[in-house]
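# Working through the structure, step by step
These are the residues of each chain, in order.
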Amino acid sequence: MSTATYDVLVVGAGVAGSALAHALSTLRRPKPLRICLIERSLAEPDRIVGELLQPGGVAALQHLGMGACLDGIDAIPVHGYCVVLNGKPVHIPYPDAKEGRSFHHGRFIQALRAKAKKASGVDVVEATVSELIECPKTGRVLGVRAARKQDGASEGSAVEKESFFADLTVVADGCFSNFRSTVLAGAGVKPETKSHFVGVVLEDARLPMSQHGTVVLVEGHGPVLLYQIAQHDTRMLVDLKVPLPSDIKEVILSEIAPQLPSSLQEPVRTALAKDRLRRMPNSFLPPAEQGGQHTKEGVFLLGDSWNMRHPLTGGGMTVALNDVVMLKELLTHVDDLSDWRQVSRVLHRWHWSRKRFASTINILSVALYDLFGADDECLGVLRTGCFKYFELGGDCVRGPVSMLSGLEQSTVLLARHFFAVAFYAIWVMFTHPRDLRVAEKPVYARPRLDEYPLLLLKCIQVFWTACVVFLPLVWTEIRWW
Ligand SMILES: Cc1cc2nc3c(=O)[nH]c(=O)nc-3n(C[C@H](O)[C@H](O)[C@H](O)COP(=O)(O)OP(=O)(O)OC[C@H]3O[C@@H](n4cnc5c(N)ncnc54)[C@H](O)[C@@H]3O)c2cc1C
């Protein structure tokens, strides 16, 4: 069995792994690091994930010296969001004319991999990692065993495994990580699947606001997300809750498409007739502290293998890239990567100092999803309140979108806006006309005085619902064991 030895092994050349391999190669050290980036398939990925990079992610990419990866991939500038409720749009521009980018995921990944491959000291190896090599005495991870991709090998034929050893192993193998449970053995966290995104590409579709991510809030299902990913291509992601319907196409055609803006209905029908539906689980996985007594020595997780949030707010790549920025800074001060005490101190600092950006994006994504995918009356009140809060404009838009885009990082600011939405939703309940629907026709009326006692009761329920949505999410971020 052949073996190779490096300073660092990185498993998975997706967003996080490629960025980390490149970042490590730029660390100033007496002797440049030797890094092995192991990826199971270097072919261009064809996935429905990671297609919109928020401005905060663009800034992190530039900080890492990888900004050029957004050039030459037919990327579309993104200027903000447009949220549509009952056919009514509200404009949510990014602050200070900042821009994100949307693109075909595979093209972006290939650009990141090419940049990592060119970096000094980085070897990119096409192989599937099958196990972590552990020291039989201490349990410390010493490296990985992997099988190289063999051109022309028949399915099922025996492939010789190679051993790769390193002072430090970083696992960045994505949302379906095979090594998460081994590395986090004692930490007791597991991904929770909130819903699924079902995706198709629409051809030459016209969004209500061009170069803006579009979120359509539909009755009976989760939100529909649309953004242009190339000159002629627009991604549509439909959020469907578990259990999934048996005939997904039919549900989209009959229940969801009629609620979309009219300019999108024809492209949606055409895409559904032509295209295969793709599906991905939308999981939530709070980050568990690594490097301590509950996790493995010699290895740590990065990216989706460690921490996931709902993709509604397109924050995954922004978190992963900011994580790499922070890790790069912290690892600069570690002179010996084989000294686990030094590395685990870095992991401890990383875990707590990344909170300011990662927690904000993590909590916001799930809280906003719960409101936008409202499946009970109180959440419905909060959803209407949230939409009307955005309609107020000014700081009611700037605050939330600054956090969503990864430009502003503050859990306190997030809590302020979230509960401002809750109180505004209650105010709206008392003061705004609501649709009473008489004989299928909309009839709008403000609540009468004799309805106030019931409304007061509902206020308490709505406020309680807001707390039940928000506070457990905060808890997942501040628990320290
Ligand atoms: C439906 C959906 C839509 C999303 N949309 C967005 C969005 O618009 N914007 C955004 O910022 N985020 C989005 N995300 C989240 C984003 O895709 C992830 O946060 C991001 O891709 C995480 O990067 P990663 O490097 O951790 O994992 P990945 O990018 O998944 O990379 C993992 C890599 O590891 C490789 N690998 C896996 N196992 C092995 C193995 N055993 N051996 C070797 N290699 C291996 C894989 O081939 C892959 O290349 C979305 C997520 C979902 C589910």
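Residues numbered from 1 in each chain as written. Predicted model: local features only at pLDDT ≥ 70, side-chain atom pairs only at ≥ 80, totals over all residues.

Per an unreviewed UniProt entry, the protein goes by Squalene monooxygenase and derives from Fibroporia radiculosa. Under the heading Sequence similarities (unreviewed entry), UniProt records this for the protein: "Belongs to the squalene monooxygenase family." Among the UniProt annotations of the protein, the heading Function (unreviewed entry) holds the following wording: "Catalyzes the stereospecific oxidation of squalene to (S)-2,3-epoxysqualene, and is considered to be a rate-limiting enzyme in steroid biosynthesis." (UniProt positions renumbered as here; feature names shortened; annotations may be inferred.)

Not every one of the 36 residues close to the ligand is listed here, only the nearest: Gly12, Gly14, Gly174, Gly303 and Gly316. Here the element with the most residues in the shell around the ligand is helix 7 (residues 316-331); it accounts for 4 residues. Shared between two domains, the shell around the ligand holds at least three residues of each, these being domain 1 (3-76 + 104-190 + 284-356) and domain 2 (193-283). (Near = placed C-beta within 6 Å. Helix = DSSP H or I, 4+ residues; strand = E, 2+ residues; numbered from the N terminus. Domains from an automatic or database assignment.)

A few words now on the environment of isoleucine 229. Summarising the element assignment, isoleucine 229 is placed in the loop between strand 13 (224-228) and strand 14 (233-241). Taking the C-alpha atoms as reference, isoleucine 229 lies 25 Å from leucine 20; in sequence the two are 209 residues apart. In this structure, isoleucine 229 is in contact with Glu51, Ile76, Ser102, Phe103, His104, Thr234 and Arg235, ignoring residues within four places of it in sequence. (Contact = placed C-beta atoms within 7 Å.)

Across the sheet, 3 strands lie side by side as 3-7-4; this open sheet has antiparallel pairing. With partners counted over all chains shown, the strands left at the sheet margins are strand 3 (52-53) and strand 4 (76-78), one partner each. In this sheet, strand 7 (residues 100-102) lies alongside strand 3 in antiparallel orientation, the contact comprising 2 bridges. In the strand pairing of strand 7, leucine 53 is matched with arginine 101. (Pairing = 2+ DSSP bridges.)

This brings us to the pairing of strand 10 (residues 161-171). The pairing of strand 1 (residues 3-11) with strand 10 spans 8 bridges and is classified as parallel. Bridged to valine 10 within strand 10 is valine 170. When strand 9 (residues 141-148) meets strand 10, the two strands line up antiparallel, connected through 5 bridges. Counterpart to arginine 145 in the pairing with strand 10 is serine 163. Two strands pair when backbone bridges link them, and strand 10 and strand 16 (residues 299-301) are joined in this way by 3 bridges, in the parallel orientation. The partner of threonine 169 across the bridge, within strand 16, is valine 299.

Under the domain assignment used here, the protein contains domain 1 (3-76 + 104-190 + 284-356), domain 2 (193-283) and domain 3 (358-478). Relative placement of domain 2 and domain 3: their C-alpha centres are 24 Å apart. At the junction of the two partners, domain 2 supplies 7 residues and domain 3 supplies 4 residues. Those elements that place two or more of their residues in the side of domain 2 that touches domain 3 are strand 11 (192-203) and strand 12 (213-217).

For the rest of this paragraph, the subject is the environment of methionine 403. Note that methionine 403 resides in helix 11 (residues 395-404). Sequence-wise, methionine 403 and valine 462 are 59 residues apart; in three dimensions their C-alpha atoms are separated by 24 Å. Setting aside residues up to four positions removed in sequence, methionine 403 forms contacts with Thr360, Leu364, Glu408, Leu413 and Leu414.

Here we take up the UniProt feature "transmembrane region" (unreviewed entry) in the protein. Within this numbering scheme, the UniProt entry marks residues 413-431 and 452-475 as carrying the feature "transmembrane region" (unreviewed entry). Along residues 413-431, the helical share is 100% and the strand share 0%, with 26 Å between the first and last C-alpha atoms. What you have in residues 452-475 is 100% helix and 0% strand, and the ends, taken at the C-alpha atoms, are 34 Å apart.

To continue, consider the UniProt feature "domain: Squalene epoxidase" (unreviewed entry) in the protein. UniProt feature "domain: Squalene epoxidase" (unreviewed entry): in the numbering of this structure it lies at residues 165-432. The span residues 165-432 shows a helical share of 45% and a strand share of 18%, and its end C-alpha atoms are spaced 65 Å apart.

Moving on, we get to the nonpolar core. Leu20 and Leu382 are the most contacted members of the largest nonpolar core, which totals 136 residues. The greatest single-element share of this core, amounting to 11 residues, is contributed by helix 9 (residues 355-372). (Core = buried A, V, L, I, M, F, W, Y, C linked by C-beta atoms within 7 Å. Buried ≥ 20, exposed ≤ 12 C-beta atoms within 10 Å, placed from the backbone.)

With that out of the way, let us pick up the sheet that holds strand 5 (residues 80-85). Strand order in the open sheet made by the 7 strands is 6-5-12-13-14-11-15, with mixed pairing throughout. Because the sheet does not close on itself, it has two edges, and the strands there are strand 6 (88-93) and strand 15 (278-284). Across the sheet, the mean angle from the axis of one strand to that of its neighbour is 25 degrees, orientation sign disregarded. Note: strand 11 against strand 14, 9 bridges, orientation antiparallel. (Axes fitted to C-alpha atoms, helices over the stretch in contact; angles between N-to-C directions.)

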